[in-house]
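Okay, here's what each chain looks like letter by letter:
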Amino acid sequence: MRIPLLSRIRKMEPSLATLLLVTVGAIAVVGLLMAITAPTGVLIGETQWRVISAFHGMGATAFLLSATIAVYLAWRLYAGEIRAFKDLKWLTAFAAVMSGVTIVFGTWIYIAYRAPGGPRTYFLGNMPEVHQIFFEFKEFIAMFTLPMFVTAAYILWKYDRSLLGHREARAVPSLLILLGYTFLLVAYVLGAAITKLAGV
Amino acid sequence: MDVAYEAEPVGEPVALRFKTGVLVAALLAALIGLLVFAVVNIAADVNSGFRTSITLNSGIGPYSGKQVFLIGSWLLTWPILHFLLRNRDVNLRRWFGVFLIGLLVAVLLMWPPVFEGIANAITGG
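Residues numbered from 1 in each chain as written. Chains lettered and ligands numbered in written order. Predicted model: local features only at pLDDT ≥ 70, side-chain atom pairs only at ≥ 80, totals over all residues.

1. A look at the overall build of chain B
Working step 1: Summing up its helical and strand segments, chain B has five helices and zero strands in all.
Working step 2: When the helices and strands of chain B are listed from N to C terminus, the series reads α-α-α-α-α.
Working step 3: Counting across all 125 residues of chain B, residues that qualify as buried make up 31%.
Working step 4: Contacts spanning at least 24 positions in sequence make up 77% of the contacts within chain B whose residues lie at least 6 apart. (Helix = DSSP H or I, 4+ residues; strand = E, 2+ residues; numbered from the N terminus. Buried ≥ 20, exposed ≤ 12 C-beta atoms within 10 Å, placed from the backbone. Contact = placed C-beta atoms within 7 Å.)

2. Remarks on the interface of chain B and chain A
Interfaces are often sized by the amount of accessible area the parts lose when they come together.
Working step 1: At the junction of the two partners, chain B supplies 39 residues and chain A supplies 34 residues.
Working step 2: Secondary-structure elements contributing two or more residues to the side of chain B that touches chain A are helix H1 (20-46), helix H3 (63-85), helix H4 (92-110) and helix H5 (112-123) of chain B.
Working step 3: If you tally residues by element for the side of chain B that touches chain A, the top one is H1(B), at ten residues.
Working step 4: Here the residues of the side of chain B that touches chain A are counted per class, giving 27 nonpolar, seven polar and five charged. (Nonpolar A, V, L, I, M, F, W, Y, C, P; charged D, E, K, R; others polar.)

3. Section: the environment of A:Gly106
All names here are of chain A.
Working step 1: The topology assignment puts Gly106 in helix H5 (residues 85-114).
Working step 2: Residue classification places Gly106 among the buried residues on the basis of 23 C-beta atoms within 10 Å.
Working step 3: Put simply, Gly106 and His56 are 50 residues apart on the chain and 5.7 Å apart in space, counted from C-alpha to C-alpha.
Working step 4: With sequence-adjacent residues up to four places away left out, Gly106 is seen in contact with His56 and Ala142.

4. Notes on the packing of H5(A) against helix H7 (residues 128-159) of chain A
Residue and element names in this part refer to chain A.
Working step 1: Axis separation between H5 and H7 bottoms out at 8 Å; the angle between their running directions is 155°. Comparing their axes, H7 and H5 come out roughly antiparallel. Seen along the crossing, H5 lies across H7 with a hand that is left-handed. Two secondary-structure elements touch here, H5 through Leu88, Lys89, Thr92, Ala93, Ala95, Ala96, Ser99, Gly100, Ile103 and Gly106 and H7 through Ala142, Met143, Thr145, Leu146, Phe149, Val150, Ala152, Ala153, Leu156 and Trp157. (Axes fitted to C-alpha atoms, helices over the stretch in contact; angles between N-to-C directions. Parallel < 35°, antiparallel > 145°, perpendicular 65-115°, else oblique. Left-handed = near helix turned anticlockwise from the far one by under 90°.)

5. Looking at the nonpolar core
Working step 1: Residues A:Ala70, B:Ala26, B:Leu27 and B:Leu34 are the most contacted members of the largest nonpolar core, which totals 72 residues.
Working step 2: Among the secondary structure elements, those contributing two or more residues to this core are helix H4 (48-79), H5, H7 and helix H8 (167-197) of chain A together with H1, H3 and H4 of chain B. (Core = buried A, V, L, I, M, F, W, Y, C linked by C-beta atoms within 7 Å.)

6. Describing the domain arrangement of chain A
Working step 1: Each assigned domain of chain A is listed here: domain 1 (1-38) and domain 2 (45-197).
Working step 2: Spacing between the C-alpha centres of domain 1 of chain A and domain 2 of chain A amounts to 38 Å. (Domains from an automatic or database assignment.)

7. Describing the environment of B:Ile42
Working step 1: Note that B:Ile42 resides in helix H1.
Working step 2: Leave out the neighbours within four places in its chain, and B:Ile42 touches B:Leu109, B:Phe115, B:Ile118 and B:Ala119.

8. Details of unusual backbone geometry
All names here are of chain A.
Working step 1: Look at Asp160: it is not a glycine, yet its phi comes out positive at around 50°.
Working step 2: One can find Asp160 in the loop between H7 and H8.
Working step 3: By C-beta crowding, Asp160 is classed as partly exposed, having 15 other C-beta atoms within 10 Å.

Encoded structure:
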């Protein structure tokens, strides 16, 4: 016996949009189930500061990933051999946004760091140089990433492909991305090391 | 991704869409913001009254005011410099050199042994 509806569905070509919708829906359902049932408190901690700290770390990691690809494409731009110029524009803009997001969460978590009994108290009592040199430098140098990536994104979007034929002009956003990436690496490594010594 | 294609040599130069002054204005504004950040940081170490006045949030401490100074001076000087330089073609190599030297100074001024040394020299501490 033939069931007309099943036959029709079998013959249908699923569109990419349908596939995407089904995939996203399945991930959302599984994610929701996991979020409800998993003991996430064990993983990230019970207080609100642990959640903010997790967002700060995830933001920094997303920033690092996008900036890593951007710095490779920036090298291609510098060498005058870039094809994926559009990718570089979007990645740099995304990295600039992630820099801002990471700074906002970092500033927020700084309240917990400075609070009585927080990591700063611990460091000043046990390892003063960790706060006085490494943490202070980390909080300052992290701020340098924002103007670097915002300025690079601005130049890439404003001048667009007209940059490609001008060696000096295309060197500017390329080097800004490289500098921003260097500042990001310093802040990221110091942040990870300090969190390992004493988290919020 | 970029590696999926063969390298395409850059062709004949086409004119930049805007004068180089626009680009230099963006660079100098970022540099001014970072140098202001460094100077405010030293000033906060030197003068406790100033440190208190820039403490916009008791939880964050004077760092909140330092951030506002950075963002404020950067975003305030950018449109001013843009307006002044937008119709000028300036020497990109020279001004990018100025930017790099200024950036190096800003980074050094942010290194705690350096800014604390300067603050101690000012206060005689």
